[in-house]
Amino acid sequence: MAVFTSVTLQDLTDWMPQFPLGKAHAIRGIASGIENSNFFIDTDQGEYVLTIFENLNFEQLPFYLKLMRHLADRGVLVPAPIANDRGDLCVALHGKPSAIVSKLHGSSQMAPQAVHCAEVGAMLARMHLAGLDFDIVQPNLRSLPWWQETVPKVLQFLDEDKRQLMQEEIRFQSAFAETAVYRQLQNGPVHADLFRNNVMFDGDKLTGFFDFYFAGCDTWLFDVAVTINDWCIDLDTGVLDLARVEAMLQAYHSVRPFTENEQEAWQAMLRAAAFRFWLSRVFDYYKPRDAEMLTPHDPTHFERILRLRIAEPAPKLPR
Ligand SMILES: Nc1ncnc2c1ncn2[C@@H]1O[C@H](COP(=O)(O)OP(=O)(O)O)[C@@H](O)[C@H]1O
Ligand SMILES: N[C@@H](CCOP(=O)(O)O)C(=O)O
């Protein structure tokens, strides 16, 4: 469980009057999550989610919070940030940037079937299209420059086999990013971390995407690859489940058709998406931060997926 910054009900009572939510009645730390401190709060106006951002700063946060507002206004199902009496979505609490967003109903679907993957694929395509007229540009902070800067910091912790894989993949991805195919991919705001635990369902109906705090401007195809690599695999082996892959890709394609260029980039992009999370998990594993409660993610999971995506071509994108 990750609560890096503690907040008491008294802290909340002192801080809340600036928000149009009435009084705070209860606060509960949220177990899951590894980046921020999250709490459910009960107010006169109902239940909300309070997030204290542990790594993002006041300059970076408007991108995420305004993006969520922009998407919500266009019918994409995401939490709506609540502004304070000065119109600010991001306000200091214990000296750290913090925000209150609406609570999505339902729960995460951790054993998804094709029907859930189709819902996610269609909403992801709607999200990409809705982001077309979002005018704040902020790069995905965990894309190639971060990979290039982080690989040298973690190589010392890896055995020879893993070190070689990491070095080969960063070379491959650096070269891929220079290609004409890559450079012509459609770019815009992407979620970049749309795992099973970041989507809510009520039965088979999707109720929202959340945890936008890895979002940034990147290729739409990278977002699709990240999502496929989590939703459409056997979690024990990393092997793709073809029925789920097809359901997600077809649903996405029916809202926003894939391009020929994306066809060409697909296999390399699935590798990029696996590499990104292998690297961040290795980094988090060897450089843990303080937390009252913290469950690190297993890095070998994404190493396995990367090796698989290199060894076996995934199903092609629909045409
Ligand atoms: N808007 C929301 N509505 C409902 N539950 C939420 C919302 N935001 C976060 N949560 C809950 O909090 C948990 C942790 O949030 P998450 O954003 O994944 O944390 P972190 O940013 O630390 O990775 C989620 O698994 C979910 O149960
Ligand atoms: N999805 C990432 C880590 C980010 O954690 P989250 O709880 O914010 O999704 C991973 O699995 O490595």
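Only a predicted model underlies this, so the values are computations on that prediction, with no experimental measurement involved. (Residues numbered from 1 in each chain as written. Chains lettered and ligands numbered in written order. Predicted model: local features only at pLDDT ≥ 70, side-chain atom pairs only at ≥ 80, totals over all residues. Heavy atoms only, no water.)

**Student:** Explain the overall build of the chain to me, please; I cannot follow it from the model alone.
**Tutor:** Scanning the chain for helices and strands turns up ten helices and nine strands. Here the C-alpha atoms of the chain give a radius of gyration of 20 Å, agreeing with the 20 Å that 2.2 N^0.38 yields for 319 residues. Evaluated residue by residue, the chain yields a buried proportion of 55% over its 319 residues. Taking the intrachain contacts of the chain between residues at least 6 apart in sequence as the baseline, contacts between residues at least 24 apart amount to 75%. (Helix = DSSP H or I, 4+ residues; strand = E, 2+ residues; numbered from the N terminus. Rg over C-alpha atoms; globule rule 2.2 N^0.38 Å. Buried < 20%, exposed > 50% of the residue type's maximum accessible area, 1.4 Å probe, protein only. Contact = heavy atoms within 4.5 Å.)

**Student:** Even after reading the chapter, I still don't get the site of ligand 2, so can you show me in this structure?
**Tutor:** Of all residues adjacent to ligand 2, which total eleven residues, the nearest are Asp193, Phe195, Asn198, Asp211 and Arg281. Here a nitrogen atom of ligand 2 and a side-chain polar atom of aspartate 193 are 2.6 Å apart. One of the side-chain N or O atoms of aspartate 211 is found 2.5 Å from an oxygen atom in ligand 2. Relative to its unbound accessible area of 340 Å², ligand 2 is 95% covered by the protein chains. Across the shell around ligand 2, the residue classes tally to four nonpolar, four polar and three charged. (Near = heavy atom within 4 Å. Polar contact = N/O pair within 3.5 Å; in protein donor to acceptor, adjacent residues only side chain to side chain. Areas by Shrake-Rupley, 256 points an atom, 1.4 Å probe, with all protein chains shown as cover. Nonpolar A, V, L, I, M, F, W, Y, C, P; charged D, E, K, R; others polar.)

**Student:** What exactly am I supposed to notice about the sheet that holds strand 3 (residues 46-52) here?
**Tutor:** To summarise the sheet geometry, strands pair through backbone hydrogen bonds and adopt either a parallel or an antiparallel arrangement. Strand order in the open sheet formed by five strands is 1-2-3-5-4, and the pairing between neighbours is antiparallel. A single partner strand is all that each edge strand has here, and the edge strands are strand 1 (24-29) and strand 4 (91-93). In this sheet, adjacent strand axes meet at a mean angle of 35° when their direction is disregarded. Bridge count between strand 2 (residues 37-43) and strand 3: seven bridges; the pairing is antiparallel. What sits directly across from threonine 43, in strand 3, is glycine 46. (Pairing = 2+ DSSP bridges. Axes fitted to C-alpha atoms, helices over the stretch in contact; angles between N-to-C directions.)

**Student:** So what exactly am I meant to see when it comes to the confidence of the model for the chain here?
**Tutor:** Counting all residues, the mean pLDDT for the chain is 94, and 96% of those residues have values of 70 or more. Both scores are available for the predicted complex, with the pTM at 0.93 and the ipTM at 0.92. (pLDDT = per-residue confidence, 0-100.)

**Student:** Honestly, the packing of helix 5 (residues 160-176) against helix 10 (residues 299-311) in this entry has me stumped. Any pointers?
**Tutor:** When two helices pack together, their arrangement is given by the angle between the helix axes and by the axis-to-axis distance. It is at 12 Å that the axes of helix 5 and helix 10 come closest, and there the two elements cross at 60°. It follows from the interaxial angle that helix 5 and helix 10 lie oblique. Relative to helix 10, the crossing made by helix 5 is left-handed. Residues Asp161, Lys162, Leu165 and Glu169 of helix 5 form the contact with helix 10, whose participating residues are Thr300, Glu303, Leu306, Arg307 and Ile310. For the contact of helix 5 with helix 10, a count of residues per class yields three nonpolar, one polar and five charged. (Parallel < 35°, antiparallel > 145°, perpendicular 65-115°, else oblique. Left-handed = near helix turned anticlockwise from the far one by under 90°.)

**Student:** I tried to follow the domain arrangement of the chain on my own but got confused; where do I start?
**Tutor:** How big an interface is tends to be expressed through the accessible area that disappears when the partners come together. Along its sequence, the chain is organised into domain 1 (9-102) and domain 2 (114-311). Taking the mean C-alpha position of each, domain 1 and domain 2 sit 26 Å from one another. Listed per partner, the contact involves 26 residues of domain 1 and 29 residues of domain 2. Linking domain 1 to domain 2 there are one salt bridge. Residues aspartate 133 and arginine 74 are paired through a salt bridge, measuring 3.3 Å at the closest nitrogen-oxygen approach. Where domain 1 packs against domain 2, one counts seven residue pairs in polar contact (both at pLDDT 80 or more). Ranked by residue count, the leading element in the side of domain 1 that touches domain 2 is helix 2 (residues 61-73), at ten residues. Tallied by class, the residues present in the side of domain 1 that touches domain 2 amount to 16 nonpolar, six polar and four charged. (Domains from an automatic or database assignment. Salt bridge = Lys/Arg side-chain N within 4 Å of Asp/Glu carboxyl O.)

**Student:** When you look at the site of ligand 1 in this model, what are you seeing that I'm missing?
**Tutor:** Taken together, 18 residues are adjacent to ligand 1, and Ser32, Asn36, Asn38, Leu104 and Asp211 come closest. Within the side chain of asparagine 38, a nitrogen or oxygen atom sits 2.9 Å from an oxygen atom of ligand 1. At 3.5 Å from an oxygen atom of ligand 1 is found a side-chain nitrogen or oxygen belonging to asparagine 198. Against a free-state accessible area of 550 Å², the protein chains account for coverage of 91% of ligand 1. Every element with two or more residues in the shell around ligand 1 is listed here: strand 2 and strand 5 (96-102). Viewed by domain, the shell around ligand 1 spans two of them, domain 1 (9-102) and domain 2 (114-311), each represented by three or more residues.

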